[in-house]
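The residues making up each chain are set out below.
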Amino acid sequence: MKAILHIFIGIMTTQGFCQDLISDNATLITSPTSKYTLINDFKGLDFDKKNSKVSFNFVHDDTPGTIEGLDFKINFNPNDIENALFEGTAEIKTIDTDNFLRDGHLMWEKFFYKKKYPTINFSSTQVVAFENNTFKVIGNLTIKGITKEIIITFSINDQKLIGKTTIHTSDFDVNIHDEREKNKLRIHFHFPFLN
């Protein structure tokens, strides 16, 4: 009887060891239905570059406009925020405020200085997730050779990524008005997903 008891304890111990081993490796063994997925298996969202756009409003003068010539790369998956990346450029020459003379003036050295600084550049340094499909993209914005950190708030809405931020153009040596607060620019991003 004593021998049988020892065998039974041995079997139970071995099963326990195996169960622990399986448990320890559970996150390494993945399947399509598993809630654990290797980082390399994450697939980012695909964006419709052709229909993506950036618009803005110069608040003090209530002047809306757009900028085009977008060349961007977005690696974004809501389930893999740590590996998200937002970077891109826009061409100064495409600024359109629906006023030919004003747009021409904005190209001058006093303002955006298109000849020396033909593009606006952005590169993310961190992406932080919040509730309700909202994400803060922190990164460096470069205008006219001056780089400042900004935060863009993005949300997923109806098969598109919608973003917004506010800057002061005078922080980038684009002084439309003398007072900083009168140089406030609200920027909106519209990045639809590919179906």
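This text follows the structure it describes.
All values derive from a computational prediction rather than experimental measurement. (Residues numbered from 1 in each chain as written. Predicted model: local features only at pLDDT ≥ 70, side-chain atom pairs only at ≥ 80, totals over all residues. Heavy atoms only, no water.)

Undergrad: What is the right way to read the overall build of the protein chain from this model?
TA: Scanning the protein chain from terminus to terminus reveals two helices and nine strands. Each helix (α) and strand (β) of the protein chain, taken in turn from the N terminus, gives the series α-β-β-β-β-α-β-β-β-β-β. With 195 residues in all, the protein chain has 32% of them scored as buried. The long-range share in the protein chain, meaning contacts at least 24 apart out of those at least 6 apart in sequence, stands at 50%. (Helix = DSSP H or I, 4+ residues; strand = E, 2+ residues; numbered from the N terminus. Buried < 20%, exposed > 50% of the residue type's maximum accessible area, 1.4 Å probe, protein only. Contact = heavy atoms within 4.5 Å.)

Undergrad: Sorry, what's going on with the pattern of salt bridges here?
TA: Opposite charge on two side chains makes pairing possible when the charged atoms of those side chains draw close. Summed over the entire model, instances satisfying the criterion amount to five salt bridges. Across the pair Lys144 and Asp173 runs a salt bridge whose closest N-O atoms are separated by 3.5 Å. Of the two residues, Lys144 is situated in the loop between β6 (134-143) and β7 (146-156) and Asp173 in the loop between β8 (160-168) and β9 (184-192); the sequence distance between them amounts to 29 residues. Residue class for Asp173 comes out partly exposed when judged on its relative accessible area of 38%. (Salt bridge = Lys/Arg side-chain N within 4 Å of Asp/Glu carboxyl O.)

Undergrad: What should I look at first to understand the sheet that holds strand β2 (residues 63-67) in this one?
TA: The pairing of strands in a sheet happens through backbone hydrogen bonds and is either parallel or antiparallel. Pairing is antiparallel across the open sheet formed by nine strands, whose spatial order is β2-β1-β9-β8-β7-β6-β5-β4-β3. Two strands lie at the open edges of the sheet, namely β2 and β3 (71-75), each paired on one side alone. Here the average twist between neighbouring strands, direction ignored, is 20°. As paired strands, β3 and strand β4 (residues 85-91) are joined by five bridges and run antiparallel to one another. When the bridges of β4 are listed, Phe72 appears paired with Gly88. (Pairing = 2+ DSSP bridges. Axes fitted to C-alpha atoms, helices over the stretch in contact; angles between N-to-C directions.)

Undergrad: Got a minute to help me understand the packing of aromatic side chains in this structure?
TA: Given two aromatic rings, their pairing is described by the distance between the two centres and the angle made by the two planes. This structure, assessed with the given rule, holds 10 aromatic pairs. Their ring planes at 25° and their centres at 5.2 Å tell us that Phe86 and Phe154 sit as a pair that is stacked. Taken together, the positions of Phe86 in strand β4 and Phe154 in strand β7 put the pair 68 residues apart, joining distant regions of the chain. Side by side, Phe86 and Phe154 carry an identical accessibility label, which is buried. A centroid spacing of 5.9 Å and a plane angle of 80° characterise the contact between Tyr113 and Tyr117, whose relative ring orientation is edge-to-face. Of the residues examined, Tyr113 reaches a relative accessible area of 22% and is grouped as partly exposed. Of the aromatic side chains, those joined through ring pairs into one cluster are Phe47, Phe72, Phe76, Phe86, Phe135, Phe154, Phe189, Phe191 and Phe193. Of note, Lys49 hangs over the ring of Phe72, and the distance from its end group to the ring centre comes to 5.2 Å. It is Lys136 that lies over the ring of Phe130; its NZ or CZ is 5.9 Å from the centre. (Phe/Tyr/Trp six-rings, centres within 6.5 Å; stacked < 30°, edge-to-face > 60°. Lys NZ or Arg CZ within 6 Å of the ring centre and 35° of its normal.)

Undergrad: Teacher, can you tell me more about the layout of surface pockets here?
TA: Here the idea is plain: a probe the size of a water molecule rolls over the atoms and shows the empty space left. Looking at the largest pocket, its volume works out to about 720 Å³. Along the walls of the largest pocket sit 40 residues, with Val54, Phe56, Ile67, Ile120 and Ile187 positioned nearest its centre. If one sorts the elements of the lining of the largest pocket by residue count, β4 sits on top with five residues. Looking at the lining of the largest pocket residue by residue, the classes come out as 28 nonpolar, eight polar and four charged. (1 Å grid on protein atoms, 1.4 Å probe; cavity = no way out; pocket = protein on both sides within 12 Å on 5 of 7 lines; lining within 4 Å. Points joined across faces, edges and corners; volume = space filled by probe spheres on them. Nonpolar A, V, L, I, M, F, W, Y, C, P; charged D, E, K, R; others polar.)

Undergrad: I'm lost on the pairing of β7 in this one. Help?
TA: Within a regular strand, side chains alternate between the sheet's two faces. Inspection of the sheet shows β6 paired to β7 by 10 bridges, in the antiparallel sense. Across the sheet, the residue bridging to Phe135 is Phe154, located in β7. Counting the residues between successive antiparallel strands, the hairpin from β6 to β7 contains two residues, one of them, Lys144, with a positive phi of roughly 55°. Taken together, the four bridges between β7 and β8 define a ladder with antiparallel strand orientation. Bridging from a neighbouring strand, Ile156 pairs with Leu161 of β8.

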